[in-house]
Amino acid sequence: MRGATQVRWAACAVAVALTATACGGGGGDDGGSGGADGIVSSSWGDPQNPLEPANTNEVQGGKVLDMVFRGLIRYDPKTGEAENMVAESIDSTDSQNFTIKLKDGWTFSNGEKVTAKSFVDAWNYGAALKNNQKNAYFFQYIEGYDKVHPESGSASAETLSGLKVVDDLTFTAKLTQKFSLWPDTLGYSAFVPLPKAFYDDHDAWLSKPVGNGPYTIESYAKGSSMNLRKWDDYPGDDKAKNGGVDLKVFTDNNTAYTDLTSGNLDLVDDVPASQLRNVEADLGDRYINTPAGIIQTLAFPFYDKEWDTDDARKVRQGLSMAINRPQITDQIFQKTRTPASDWTSPVLGEEGGFKKGLCGKECTYDKAAAKKLIDEGGGIPGGRLKISYNADTGSHKEWVDAVCNSINNVMGDNKACVGGPVGTFADFRAQVSTQKLKSAWRAGWQMDYPLIQNFLQPLYYTNAPSNDGKWSNEEFDGLIDKANAETDKAKAVTTFQDAEKILVTEMPVIPLWYQNGSAGYSDRVDNVALNPFSVPVYEEITVK
Amino acid sequence: MGRYVIRRLLQMIPVFFGTTLLIFLMVNVMGDPIAGLCGDRQCDPATAAQLRSEFGLDKPVWQQYLTYMGNVFTGDFGTAFNGQKVTELMATAFPITIRLTVVAVVFEVVIGISLGVVTGLRRGRPVDTTVLILTLVVIAVPTFVTGLLLQLLLGVKWGIIKPSVSADPTFDELLVPGLVLASVSLAYVTRLTRTSIAENARADYVRTAVAKGLPRRRVVVRHLLRNSLIPVVTFIGTDVGALMGGAIVTERIFNIHGVGYQLYQGILRQNSQTVVGFVTILVLVFLAANLIVDLLYAVLDPRIRYA
């Protein structure tokens, strides 16, 4: 009798355990049909800000805008070159007054026509201070920006005085300074047109954005998923080659990767660092590792007198030479980074201003020369280099420790360089932007548009918005101004490079490596590629 | 009994204010959340200032706390940085986590108590030793290891489950995550029940019941188990709150968008409105669970009712 009860208990437990696993297996959906109607499922991250074009400044929200919107210009997904999209032409005789003509026949997916007003209103909305748009500064070159978005106080104008609607398909833009490459910046998502519905019922629009791109949003569950479907009447020539994309928010990219390897997900556009060792075995040639417009650097505090001396300049050059970039990119990043030898990115291409080796020996590991330079400069200011980084995301600790090891090796001193973790990204950014840091910190730059100007001006021009170290150099500023005023694009690029050469001797930040975009996909889909912004080119993906 | 309940309810008030204030201060100590909103670039000062005043971050902390608490009593938990109402976030997150917690607690109760009774009645036998070793292993191995292992084996290798659950998961999708979440507590429940049963099995009233010739089943369930459950109920009761708040790891592994996910996101983005709001609710859950435990005592053991 006693034996029987015991068996019954055990059977119960086993039964529960079995149903647990058996039930869990149910409810699978196979993603529907293949071919031109096939749906691609892809990993996604929760956008940090509401999905407004001028308010989206990170990749996850940008990804959606890129599918739902088309602006005046579009960057070629392969070469990154700026090409007219909605714009018929963008002309200027003086690099300062631009006339923008639109192609006829573009509409939003709700049927509304895309007109000059759709652009002008959207830009005015984006620039206005009261709308709190985080990308407002993209409109700073347009005349009247200081009125609608003053640095402090309240706005004295509602609209940008530099923008004028001429007729349905034409508008003009007047800039505050000469800027020949300005049309090439207009592919950024902040510059897309917006339909009337955006202003009429803002909340409704936010819960289901309507645009003029190849996809429409079928459903959007904030924080967890978004289903996009091909827009059959899309007027552009880059129509979607699949039936739609289902974006699914993952908290942890490891889970997304696991989902991919078990066949539940078609596309992961961020292979977790911990899986890089297995990725080739797991995916074979379905793993993509291509350059993206991102560079990582070490920045220094020039608001601190110790770092703003001629001696410190030598020290920075020495430190740059003390970092063994190839070793770190191989061993820690598994070749998903490329050692940097200039301050731009390979995605610009030679013509766009990328110049391999521009930094020369100053960015090449040389133990003896490094030690000599640092000693000549009187050693590291403060006696020790502390590299601050945020410890919450991005696994920065590993490479910061490696960089420090490299420097310590050169200096023959175990304590010459240490990492300085900061708890959260927000706190880290707060310390950086309020000039609290007294030694180096990790910095990174993801391009807004594939232009050499974007890699130099926002970062190193005197008092530029992202010049966190407050570096300032008159000669550099002068060359940037000159390059911007240049009407010939090739000449502008060489002038920008002349400015970049000043960075070699001054070394305001040490270039570390160019970051690649990494992605993996299932054998259900084909033609997967990443654009220069490391975002998958969704409309090109085909489903088998 | 009534006075007892009222006293317990009154005790909840200072606990509620104390915890929310503490959380509020802790989140604020972490620094300026607006700085992180613009990514690796600096927010433009005018917009940053405006955002700060919109979220009330330009006022002193005590004033922020007072306004916040004032709003909470009208059911307004503020707005998260992505423009969503915190109450909206709660409405999506809590049902999912409650489902997960229910699954976990059911596992604890069913498997934990069953195993506890079996081993308690057969202490020293091979079954007992095996279960003891197993529970030891479960307690020693961290949840994320068990979680990832089960995910790898069941999800990837054998394809029995999906490695991640859907956006609005059903109970059957949550079985494996629930088991993982319950695992450690389950082991404790087993051990607690075992000890308690083993102790009471020698008690006079059990001997009397057996001597009366009651069926063994009745002796075990009505007499032995009922009296042995008090410590177990205490544990499970307090565990409900811990499971809801502690689901961060499990929710991450299986991509469940519940409370743990929202808290994690809130802390990462330093969104005090989200963090404080969710913690406030969790505190209430904790308090309620404790209250229910205390009331259950009285049901299980009438002596407590009159004490």
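Definitions and cut-offs
- Residues numbered from 1 in each chain as written.
- Chains lettered and ligands numbered in written order.
- Predicted model: local features only at pLDDT ≥ 70, side-chain atom pairs only at ≥ 80, totals over all residues.
- Heavy atoms only, no water.
- Helix = DSSP H or I, 4+ residues; strand = E, 2+ residues; numbered from the N terminus.
- Areas by Shrake-Rupley, 256 points an atom, 1.4 Å probe, with all protein chains shown as cover.
- Lys, Arg positive; Asp, Glu negative; His and termini not counted.
- Charge placed at Lys NZ, Arg CZ, Asp CG, Glu CD.
- Rg over C-alpha atoms; globule rule 2.2 N^0.38 Å.
- Contact = heavy atoms within 4.5 Å.
- Buried area = accessible area lost by both parts, 1.4 Å probe.
- Polar contact = N/O pair within 3.5 Å; in protein donor to acceptor, adjacent residues only side chain to side chain.
- Nonpolar A, V, L, I, M, F, W, Y, C, P; charged D, E, K, R; others polar.
- Core = buried A, V, L, I, M, F, W, Y, C linked by side-chain atoms within 4.5 Å.
- Buried < 20%, exposed > 50% of the residue type's maximum accessible area, 1.4 Å probe, protein only.
- Phe/Tyr/Trp six-rings, centres within 6.5 Å; stacked < 30°, edge-to-face > 60°.
- Lys NZ or Arg CZ within 6 Å of the ring centre and 35° of its normal.
- Disulfide = S-S within 2.5 Å.
- Axes fitted to C-alpha atoms, helices over the stretch in contact; angles between N-to-C directions.
- Parallel < 35°, antiparallel > 145°, perpendicular 65-115°, else oblique.
- 1 Å grid on protein atoms, 1.4 Å probe; cavity = no way out; pocket = protein on both sides within 12 Å on 5 of 7 lines; lining within 4 Å.
- Points joined across faces, edges and corners; volume = space filled by probe spheres on them.
- Left-handed = near helix turned anticlockwise from the far one by under 90°.
- pLDDT = per-residue confidence, 0-100.
- Patch = residues over 30% accessible without salt bridge, like charges linked within 9 Å, V, L, I, M, F, W, Y side chains within 5 Å.
- Salt bridge = Lys/Arg side-chain N within 4 Å of Asp/Glu carboxyl O.

Q: A description of the overall build of chain B should follow, citing residues and the corresponding values.
A: Per the secondary structure count, chain B includes 13 helices and zero strands. Secondary structure elements in chain B, listed N-terminal to C-terminal, are α-α-α-α-α-α-α-α-α-α-α-α-α. Principal-axis analysis of the C-alpha atoms places the extent of chain B at approximately 85 × 55 × 30 Å. For chain B, the computed accessible surface area is about 14000 Å², with 69% contributed by carbon and sulfur atoms. Side-chain charges of chain B comprise 27 positive and 18 negative groups, with the mean position of each set lying 16 Å from the other.

Q: Got a sec to walk through the overall build of chain A? Specific residues and values, please.
A: On a plain count of helices and strands, chain A comes out with 18 helices and 19 strands. Computed over the C-alpha atoms, the radius of gyration of chain A is 26 Å, within 12% of the 24 Å expected from 2.2 N^0.38 for a compact globule of 544 residues. Projected onto the principal axes, the alpha-carbon positions of chain A cover approximately 90 × 70 × 45 Å. Summed over its atoms, the accessible surface of chain A is roughly 21300 Å², and 48% of this surface lies on carbon and sulfur atoms. For chain A, the separation between the mean place of its 54 positive charges and that of its 73 negative charges on side chains is 5 Å.

Q: Describe the interface of chain B and chain A, listing the residues and the values that go with them.
A: Taken residue by residue, the interface counts 59 residues in chain B and 61 residues in chain A. Summing both sides of the interface, chain B and chain A together bury roughly 5400 Å²; the carbon and sulfur share of this comes to 52%. For chain B, the biggest contributors to the area lost against chain A are Asp-40, Arg-41 and Gln-42 of chain B; these three give 14% of the whole. Joining chain B to chain A, the criterion identifies 19 residue pairs in polar contact (both at pLDDT 80 or more). Those elements giving two or more residues to the side of chain B that touches chain A turn out to be α2 (45-54), α4 (86-121), α6 (143-157), α7 (175-200), α9 (216-245), α10 (248-253) and α11 (259-268) of chain B. Looking at the side of chain B that touches chain A residue by residue, the class counts come to 28 nonpolar, 17 polar and 14 charged.

Q: Describe the nonpolar core, and please don't skip the residues or the numbers.
A: Judged by nonpolar contacts, the single largest core of 155 residues is most densely connected at Leu-72, Trp-123, Phe-139, Phe-171, Trp-182, Leu-319 and Leu-385 of chain A. By residue number, the principal contributor to this core is helix α14 (residues 396-411) of chain A, which donates eight residues. Residues Ala-104, Val-105, Ile-197 and Leu-229 of chain B belong to the second largest nonpolar core, which totals 41 residues.

Q: Account for the packing of aromatic side chains, naming residues and giving values.
A: Residue and element names in this part refer to chain A. With the rule as written, the count across this model stands at 36 aromatic pairs over all chains. When the ring of Phe-119 is compared with that of Phe-171, the centres are 6.0 Å apart and the planes differ by 20 degrees; the resulting orientation is stacked. In this pair, Phe-119 is assigned in helix α3 (residues 116-127) and Phe-171 in strand β7 (residues 170-174), connecting sequence segments 52 residues apart. Of the two residues, Phe-119 and Phe-171, both sit in the buried class. Ring geometry for Phe-138 and Tyr-188: centres 4.2 Å apart, planes at 10 degrees, overall stacked. Placement of Phe-138 in the loop between α3 and α4 (145-148) and of Tyr-188 in the loop between α5 (182-185) and α6 (196-200) is noted, with a sequence separation of 50 residues between them. You can call Phe-138 buried: its relative accessible area is 5%. Pairwise contacts between aromatic rings join Phe-98, Phe-119, Trp-123, Tyr-137, Phe-138, Phe-139, Phe-171, Trp-182, Tyr-188, Phe-191 and Tyr-449 into one cluster. The ring of Phe-333 is capped by Arg-337, whose NZ or CZ atom sits 4.1 Å from the centre of that ring.

Q: So what's going on with unusual backbone geometry? Residues and values would help.
A: All names here are of chain A. Even without glycine at this site, Asn-463 takes up a positive phi of about 60 degrees. Positionally, Asn-463 belongs in the loop between α16 (452-460) and α17 (474-485). For Ser-534, which is not a glycine, the phi torsion comes out positive at approximately 60 degrees. Within the fold, Ser-534 resides in the loop between β18 (525-526) and β19 (542-543). Among the residues examined, Ser-534 registers a relative accessible area of 13% and is labelled buried.

Q: Which residues make up the state of the cysteines, and what values do they have?
A: Residue and element names in this part refer to chain A. In this structure the tally under the stated criterion is two disulfides over all chains. Through a disulfide, Cys-359 is tied to Cys-363; the S-S separation comes to 1.9 Å. In this structure, the disulfide formed by Cys-359 and Cys-363 twists by about 70 degrees around the S-S bond and is classed as right-handed. By relative accessible area, Cys-363 is classed as buried at 8%.

Q: Describe the packing of α9 of chain B against helix α12 (residues 272-300) of chain B, with residues and values.
A: Any two packed helices are characterised by the angle at which their axes cross and by the distance between the axes. Residues and elements named next belong to chain B. Across the interface, α9 lies against α12 with an axial gap of 8 Å and an inter-helix angle of 170 degrees. When the axis of α9 is compared with that of α12, the two are roughly antiparallel. Contacts between α9 and α12 pair Arg-226, Leu-229, Ile-230, Val-233, Thr-234, Gly-237, Thr-238, Val-240, Gly-241, Ala-242, Met-244 and Gly-245 from the former with Leu-282, Val-285, Phe-286, Ala-289, Asn-290, Val-293, Leu-296, Tyr-297, Val-299 and Leu-300 from the latter. Looking at the contact of α9 with α12 residue by residue, the class counts come to 15 nonpolar, six polar and one charged.

Q: Talk me through empty space enclosed by the protein; I want residue IDs and the actual numbers.
A: Residue and element names in this part refer to chain A. On inspection of all chains with the given rule, the structure shows five cavities of 30 Å³ or more. Considering only enclosed or pocket space, the largest cavity measures out at about 250 Å³ in volume. Lining the largest cavity are 25 residues, with Ala-299, Ala-443, Leu-459, Ser-466 and Val-509 positioned closest to its centre. Listed by contribution, the elements that provide at least two residues to the lining of the largest cavity are β12 (287-299), α15 (425-433), β16 (441-446) and α16. Ranked by residue count, the leading element in the lining of the largest cavity is β16, at five residues.

Q: With reference to specific residues and values, describe the packing of α4 of chain B against α9 of chain B.
A: All names here are of chain B. Close contact between α4 and α9 brings their axes to 10 Å; oriented N to C, the two are set at 145 degrees. Read as a crossing pair, α4 and α9 show a hand that is right-handed. Each of Phe-94, Thr-97, Ile-98, Thr-101, Ala-104, Val-105, Glu-108, Val-109, Ile-113, Val-117 and Leu-121 in α4 lies in contact with α9, whose residues at this interface are Arg-216, Val-220, Leu-224, Leu-225, Leu-229, Val-232, Ile-236, Asp-239, Val-240, Leu-243 and Met-244. Considering only residue class, the contact of α4 with α9 consists of 17 nonpolar, two polar and three charged.

Q: Kindly report on the confidence of the model for chain B, identifying the contributing residues and their values.
A: All names here are of chain B. The pLDDT averaged across chain B works out to 86; a share of 98% of its residues lies at or above 70. Here helix α13 (residues 302-306) stands out as the element of chain B with the lowest mean pLDDT, 68, in contrast to helix α5 (residues 126-140), whose mean of 92 is the highest. Both confidence scores are given for the complex: pTM 0.84, ipTM 0.83.

Q: Give me the lowdown on a nonpolar patch on the surface, citing residues and values where you can.
A: Residues and elements named next belong to chain B. Residues Ile-98, Val-102, Val-106, Val-109, Val-110 and Phe-171 make up a contiguous nonpolar surface patch of roughly 460 Å² in combined accessible area. Note on placement: Val-109 falls in helix α4. For Val-109, a relative accessible area of 33% translates into the label partly exposed.

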